[in-house]
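# Commentary on secondary and tertiary structure
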Amino acid sequence: MSQFTIADPDLQQDLGDFPDDDLEMTYVPRECRTMQPSVPEEGVDLDPHVRDCVQTYTQDWLIVNRRKQGEAVALSLSRLGSRKDLYKTLPKQLFESEESGDSVSQEFQDDSRSHVLCQEPGRATLTSCDFDLRSLQPDTRLENILQPINPEELDRQNEESRRTNRQAEIFALYPSTDEEDAVEIRPAPDCPKEHMGHRIHVKCQILKFEIEVEPLFASLALYDLREKKKISENFYCDLNTDQIKAFLRPHTNQMAPSSLSRSAIFSITYPSPDIYLVIKIEKVLQQGDIAECADPYLVMKESDSTKNKDKIEKLKTQAESFCQRLGKYRMPFAWANINIMSVVSTATDRDSIEVENINGKGNSGDKKVFTHQRRLSERSALLEDQHNMSNFKTAVITINTFFKQEGDRLSDEDLLKFLAEMKRSSASLRRLRPISGLIKLEISPAAENPAFCITPELLPVKPYPENRSRPIKEILEFPSREVYVPHTSYRNLLYVYPQRLTFANRLASARNITIKIQFMSGEDLSNAMQVLFGKSSSAEFVSETYTAVTYHNKSPDFYEEVKLELPAKITERHHLLFTFYHISCQQKQNQVGSPENLIGYSWLPILMNERLQTGHYCLPVALDRLPNKYSMHSPEKIPNQSPPIKWVDGHKGVFNVEIQAVSSVHTQDNHLDKFFALCHTLEGRVTFPIRILDQKIMEHDLEHELKLSIISLPSARLEPLVLFLHQVLDKLFQLTIQPIVVAGQTANLAQFTFESVVSIVNSLHNSPDLSKDQHGRNCLLMSYVYYVFRLPDTQKEFVKGVPAAAPILPESRYYTVGRSSAAHVGSRLMQSRIMSSSNPDIAGTQTLADEEVKNIMSSKQFHEELALQMVVSTGMVRENVFKYAWFFFELLVKSMAQYHCQMDKQDASRKLRFSDRFKDDVATIVNVVTAEIATILVKQQKEAEQAEKINISLAFFLYDLLSLMDRGFVFNLIRNYCCQLSVKLQSMPTLITMRLEFLRILCSHEHYLSLNLFFITNLSAPASPCPSLSSQNSSSCSSVQDQKIANMFELSTDYRQQHFLTGLLFTELAAALDAEVEGIAKVQKKAVNAVLSLLCSHDLDSRCSKPEIKTKIAALYLPLIGIIMDALPQFYDFTDARTRKVRPGSSDGDAEINPINQSVALVIAGNHVNTMLRSTAIAFSSLPSKQFSPLAADASRTLLISFLWILKSADQTLITKWALDLPVSQLNKILDLLYLCVSCFEYRGKVTSDKVSTQALQKSKHTKARLEEVLLGNAGARGEMMKRCRGPGNERNIGIIENLRWRKDQTQWRQGNERLEKTKADLDQEALVSGNLVTEANLIILDMLEIIIQAISVSDCKDSVLGSVLKVLLHSLGCNQSSYYLMHCFGTLRALMAKYADLLFEEEAEQCSDLCQRVLHHCSSSIERTRTQACATLYLIMRHSFSTISNFARVKMQVTMSLASLVGKLSDFNEEYLRRSLRTVLAYAEEDEDMQPTMFPIQVEELLCNLNSILSDTVKMREFQKDPEMLMDLMYRLAKGYQTSPDLRLTWLQNMAEKHTKRQCYTEAALCLVHAAALVAEYLSMLEDHKYLPVGSVSFQNISPNVLEESAVSDDILSPDEDGICTGRYFSENGLVGLLEQAAELFSTANMFETVNEVYKVVIPIQEAHRDVNKLAYIHEKLKKAFESITAKGSKRMFGTYFRVAFYGAKFGDLDEHEYIYKEPAITKLPEISHRLEAFYGQCFGEDAVEVIKDSSPVEKQKLDPNKAYIQITFVEPFFDDYEMKDRITYFEKNFNLRRFMYTTPFTKDGRPRGDLSEQYKRKTILTTLHAFPYIKTRINVIQKEEFILTPIEVAIEDMQKKTLELAIATHQEPPDPKLLQMVLQGSVGTTVNQGPLEVAQVFLAEIPENSKLFRHHNKLRLCFKEFIMRCGDALEKNKHLIASDQKEYQQELKKNYNKLKENLRPMIERKIPDLYKPVIKIHRDTKESFKRSSFRKHETSSSNPQNS
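The following paragraphs examine the structure supplied in this document. (Residues numbered from 1 in each chain as written. Predicted model: local features only at pLDDT ≥ 70, side-chain atom pairs only at ≥ 80, totals over all residues. Heavy atoms only, no water.)

## Focus: the packing of aromatic side chains
To describe a pair of aromatic rings, one takes the distance between the centres and the angle between the planes. The final tally for this structure, using the stated rule, is 61 aromatic pairs. Ring geometry for Phe 578 and Phe 655: centres 5.0 Å apart, planes at 70°, overall edge-to-face. Residue Phe 578 is found in strand β22 (residues 575-583), and its partner Phe 655 is found in strand β27 (residues 655-663); the two are separated by 77 residues along the sequence. By relative accessible area, Phe 578 is classed as buried at 0%. Ring geometry for Phe 956 versus Tyr 959: centroids 6.1 Å apart, planes at 85°, classification edge-to-face. (Phe/Tyr/Trp six-rings, centres within 6.5 Å; stacked < 30°, edge-to-face > 60°. Helix = DSSP H or I, 4+ residues; strand = E, 2+ residues; numbered from the N terminus. Buried < 20%, exposed > 50% of the residue type's maximum accessible area, 1.4 Å probe, protein only.)

## Focus on the pattern of salt bridges
A full pass over the atoms with the stated rule returns 82 salt bridges. A salt bridge links Arg 1427 to Asp 139; its shortest N-O distance comes to 2.9 Å. Linking Arg 1427 in helix α52 (residues 1424-1445) with Asp 139 in the loop between α6 (111-114) and α7 (151-163), this pair joins segments that are 1288 residues apart in sequence. Looking at Arg 1427, the relative accessible area reads 2%, which means it is buried. Linking Glu 560 and Lys 535 is a salt bridge whose minimum nitrogen-to-oxygen distance equals 3.6 Å. Note that Glu 560 is positioned in the loop between β20 (545-546) and β21 (562-565) and Lys 535 in the loop between β18 (532-533) and β19 (541-542), a separation of 25 residues in sequence. Where salt bridges share partners, they join Glu 159, Arg 162, Arg 163, Arg 166, Lys 1208, Glu 1336, Asp 1343 and Glu 1346 into one cluster. (Salt bridge = Lys/Arg side-chain N within 4 Å of Asp/Glu carboxyl O.)

## Some words on the packing of helix α22 (residues 862-872) against helix α26 (residues 916-939)
With their axes 9 Å apart at the nearest point, α22 and α26 run at an angle of 40° to one another. The angle between α22 and α26 places the two elements in the oblique class. In this structure, α22 crosses over α26, and the sense of that crossing is left-handed. Residues His 863, Glu 864, Ala 867, Leu 868, Met 870 and Val 871 of α22 form the contact with α26, whose own contacting residues are Arg 917, Phe 918, Asp 921, Thr 924 and Ile 925. (Axes fitted to C-alpha atoms, helices over the stretch in contact; angles between N-to-C directions. Parallel < 35°, antiparallel > 145°, perpendicular 65-115°, else oblique. Left-handed = near helix turned anticlockwise from the far one by under 90°. Contact = heavy atoms within 4.5 Å.)

## Some words on the packing of helix α24 (residues 885-902) against helix α27 (residues 944-961)
Between two packed helices, the angle of one axis relative to the other and the distance separating the axes together describe the packing. Direction vectors running N to C along α24 and α27 enclose 10°, while the axes themselves pass 9 Å from each other. Viewed along their axes, α24 and α27 adopt a mutual orientation that is roughly parallel. Between α24, through Ala 885, Trp 886, Phe 889, Leu 892, Val 893 and Met 896, and α27, the contact on the second element is made entirely by Ser 953, Leu 954, Phe 957, Asp 960 and Leu 961. Residue composition of the contact of α24 with α27, by class: nine nonpolar, one polar and one charged. (Nonpolar A, V, L, I, M, F, W, Y, C, P; charged D, E, K, R; others polar.)

## Points about helix α19 (residues 779-788)
Most of α19 is tucked away, with 10 of its 10 residues classed as buried. For α19, the full list of buried residues reads Cys 779, Leu 780, Leu 781, Met 782, Ser 783, Tyr 784, Val 785, Tyr 786, Tyr 787 and Val 788. Where α19 begins, the capping side chain belongs to Asn 778, and its oxygen is found 2.8 Å from the backbone nitrogen of Leu 780. (Polar contact = N/O pair within 3.5 Å; in protein donor to acceptor, adjacent residues only side chain to side chain.)

## Focus on the sheet that holds β22
If you walk across this open sheet you meet the four strands as β20-β17-β22-β23, and the pairing is antiparallel. With one partner strand each, in any of the chains shown, β20 and β23 (596-605) form the two edges of the open sheet. Of the strand pairs in this sheet, β22 and β23 are connected by nine bridges, and their pairing is antiparallel. The partner of Leu 577 across the bridge, within β23, is Trp 603. (Pairing = 2+ DSSP bridges.)

## Side note on the side chain of Asp 1488
Looking at where Asp 1488 falls in the secondary structure, it is placed in the loop between α54 (1471-1487) and α55 (1496-1519). Within polar-contact distance, the side chain of Asp 1488 engages the side chain of Tyr 1435 at 2.6 Å.

This is the structure we're talking about:
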């Protein structure tokens, strides 16, 4: 396996076999920010520890790379660039949807408003008669289209044309996959670098006060109020004028350029809203306290300078004299502050801003002083989570108010209290005296590399130009919390903070106290070292500094910060010396010389027990001169001296001082100090006993102490451990293999160092403050292994002392008792390791002589020792080794690579590179890790993520080993891994996921192709031993060669042996697709993405771009085709998905032309030859019943694009041979796949790309770079690449960002930003790329279709396959395609017709109909190229159908129907273009010389004129697009016009159904289909006389009587035998059933369940005749549901609401004075329809011209304004006569088949609508419509109107009957409803009821009417009251039983009212009219008339019977 080569040398050169020098070890110089690296001073003999640190900080990085991997990355980089270039070169594909969207519909936009209604009289519509086609100019015609041509030649031309201008790489256009799955990305860690926070540049511009009389000095520092901490060192700044500076000339000898700086860069690691920049102002010491000295500044104003001129001059003179005498002493003066975060937030909001007066103006009590500041700080609280510190705008800050310093409150604690008070409220600060002044600062984000900048150690930073200006100083940060970033440069600073001195009343003379601070290297005064950093306008380094003086204060506070550079070598003699002085401010007369009066001394040794002294100290002060050797002791513990030292306050501590170190050599941690000290003891020649810290160590204890210190290393604090991580790990690894002999004995340290390393690795991973990458790898350790780690130098020898017997220590105490999992490492292994020094339990090594020890030791290799330790570890150590295996694996790999490079084993055979013992160890490790993964997954499911990480680590380990070790060995490890997991894991998803991620990583190897022997083709390999299913089925696989080809497309055993990794991957993919367990979908997605990432990598790798290489690679993936074909039933149904969302500009959302859903479409088509993927339920009914787990859309899409890539890249002759041998079933499977591909890769347009989830978009940018890089090599690449991917702002925060996974590294705020980033240009680019992808995908499909057409031309399965080919082609024509694709698609279609015209037009008649529609649709395209192609194709369809089979009639009918269908459905197609296309077809007919002698040209012209007339109808339809009722009326009229042409009428009925469905008028849509079915039934009954078929439309009258309209078709009008008539697919039994089933579905949706039953009554006999039991079961299931729904919903269903709408006004044209009944959706209120119509007609005529008549009274036309349009809308209810009510019993019957409607209008004689009871009349109007509702449209004309008037007493009778009925219903309701009952009762017997029953009785029954005509009414009303009283009594009785106890009182009240009412009514009810009871002799005529008027009789009307109208 390890030695194979590629046969073809060219391919070898391109893809490379494994090069001999694959590995390279490079030393990369570390980047240094400063001009010179920071190193200790020269000429000093350094300590070993300091020397080691400096070496660590200056040595180069050691990086091990694989050459090809680097190349792959370089390739990927260039490829990324080229991908962007590719986007620039992509041609813009033209899509109809976008073109027409912009240009075409615009032409009609302006028209649409003015022509919405019927034209005004006199204006004719455009019709065919006055529009001549010949007057148009035809489009350009295709050349040579009419010339006879050989089909082979035509195919060749088409192919040649298709092959030009193709996209080479389809994956360059495919959106990149989700990075969630991209486990193979192993980002190279960031290069270790010095930590920097957010950097802010502060420039001091002006500092001045009202008067300018003396020098003032500013110092700036940052304070964090929240953490109560100073977070930066001081920045000193001198802004005095030269004139004022001159006052100090005697005291300033030299001024270093660095001290003149006025700009500083502050760093903030942890931003918070409470960070303040505090500016302290000092002045030269003078007589008087701070208040006195500040007085002139408070009193004098700059504006009064003339008035105060003398005073100012005097002050200047005084100042000058103080400066000369006391120039080197300072005193506090004032301070001010700025909230930094408020500046940042304000500056983020606006452009460059000026923030005036941060502290406010006016007196100190003014509230405004602080409100601005408070407001800003509140606002900055928002910033905490999104500190925008890197890109805020520059802000200029002006401060006008300073606070005077308080002499007794100078410390930092006091300052923080002031800031806290200021934040809380301004009131508490009123006592602070404000001083007017001005300081102006400019604050901006610091530039990346500012010029002329110096570090805190004053080292110049690059770039440092020659033309020097004032430098910018970097100010050292003291972060408010720990920062975990290892040191990378030498820094050794000490900060001294004198804090407080308490002399109290001890010393009378000590009042104005200052402290002189010096750093001494000895006790002599000359030993003061010049290491203190100078302040402003001074030397760089000084030897002494003085603290500021607080006047007359014996216990002063100090706020000084003294910064000094520590020497690299510190001895015990180094110390800090503090000298205390009293300063005489006023010169006494006789005093000459210094104003200093010595008070005393104190000191602090810098080293104590070899450790740096830091922290808080309270030191005593000596009054006398200090004794000799004082510096050796601390002042608190100095031994008694003679003479004794005099101390202040009896040797008590009186001076508080704090020392802080910022050092990268002093660890400031006991554990680390001890460890380093002991290590260095081993290196030097020392004499025992040695002193380490405060401990004496004898020689025989050394080994024990060393082990102890190694073991306790992990106990060190995390921060110092991280800071010195590189040194600690280097030392530990050194000790692991370093031969150490102590006193003649070998020290066994390997095990201890290993355990310590494991423990440190564990604590770093467990710290929440340290960041990890997406694989859970700690970033600090990644950086260490990648950049820092190098093989320990074994040249040094650690041999200590002279031979002596070393005591044998009880080693076992360092072992952890744990699992016995290492026990199975057999004894053979143990014996082979007997030579190792690592295992202290193995005896024998100690007795060897020194020489032998050395020999053994020198042979120890780090990688071997590390592997051994991993194998023999036990307990917790072992657990952590596997938990963080990645670290040890990467260490192993890097150490192996270094060993390999150093030993120069490049030439050696891979098998011989590493020892067998080491290989055994590696095998053991892999086995144990695999077992560990399985154990976790089986036993601790919660730790599954942990197992996943270990799994990924193992995969990367083997991935790396492929480049280092023998590949056969590594392959065996991989095989063992897979087997072991299979055995142990039961859960399928988990198992596949683990193995997939593992394989995905291995397959991302840069030599993946060579590893897979891709260059060995299967044709040269032996045939598969077990032929697969498809090859057995295949009839034509006769020869061995054919068998081999078939095998190439299958995942055979041979394949898996030859192509090992790919075989494994495909096996996993097949298993994932085949599995049917829960949770498999996620796994399937992973599997599919793994394959995709591989294919992408080949497609984007320029090494693979040569066609012959791509062909070889594609051959490697051929079995994928077999896997995809097997998975066909599982694919997501994109075809179905298309239908749910109508695509802009497509003929329709549906793939078919019918509005019938797809499940029915198949039944209708009756086409069971192949299973086109339409509806999953039906498409796969022919497949075995195995349950498949369906694939998600994205996984399906990915598999389909992979399928297309293989088809595109593979050898075309091979594909052709393969297709040739495939059986029909397999070919149909491929066609199904291609059909699905068409739906999947359909252009969705910009509109949708706009709505693409922003997160997906955001992923793409970030991921593309990462993913491609990985795919091409492995992401190891390394630094540069990853920087580009990672984006800005991430480098600094390694180790600080909270523990986020890498892909969330910028999450929250970045997502927001990226959402905004998406510009129009981005959207355009996406649309461009997506357009090209769709075009290329469809062209690949077309290529494959051509191959299949070629294949079937020589086989005998044409008939069965051709239809499917055509189906795919038609489907692609129906999708949103580019004009470029359409050109080729039409070419293929024409070629197909040329070859198989007879088959197509005879066998595939139904598809021809589709073809006509698709082609016609493209004839209306706005793109000329598409139109040209479509016209040529349309003409050839006609020509072939005429000349081949002389069956032109059918095609004519199909074309006409297609046009009608198009016109009806599409609102946006352009008839202008379509007309021009018709003209072009006419031109073809005229130019076609061959056809001139025939009837063909005349027939064509006839057809085109017919089409033209249909088009003219559509012009009108376009006008009514926005008026649904008018549009339906027009379509209705068109359909009616085609009464004699059943096909076209059917088409228009379907169009209407479609429109209704869109408007959710499901009942109307269903009725359209019922009418269509009746039409079909009429035709079928003429054709054949079957008992089971309906007799024609009569059979449908139970569904709706309106259906009888369809019976107009009769034999004399239409002969069904005439060719071309009734040829549509629906004119068949299947079609009839299909229409009815669809109608039943729609009725069901509309809740019309009763009609569902009627519909199926027609269907059932047909199915019974066909003995279709399944179908009958299905129907009865539907019926059962319908009847159950009736029971459940009953009268709760909502049917329509009806309104009478009358139009008045000439503006309405044809509609004027017409009345309609409108059917509106249920619960439509009158205002809703009123608003809709008013708004719509308002748009047509102008809002002022339309008026709605509010009442329902008759309209008097002469009173209307002739210039206005009036609409009268009235709510109407269905009206039934009494006899009708007997038949209409159910709720449904009362709402179905309605023709009569009624509305009532109340009125009085004097014209008012309402009046008293005695004068209230009512008009009842009954309207009859032309057809019964529901009908095939939603408004029907009113054809008859009846009116009658009720007199007041009749109105009263009607009301009382209504009330009585309500009472009866409420009383007898089951179950009873107490609330309703009480409500009705209250309305009947309540005392408060106005015009209640009592009043009615009093008006009409009080007197017997004089007019005898009213006797009967009087009597009827009396009887009504009688019944009413009875019903009230019943209701009261019922209520009594229903009420609760608390309602008894209410019941009593009701009863009382009832009795009262009964009493009042009794006399009126009992009074009878005697005349009525006389015997009747004669009925007067007028009485009869009065009976007629009664609304309770059946009315006879003189008008004609509506049925006959």
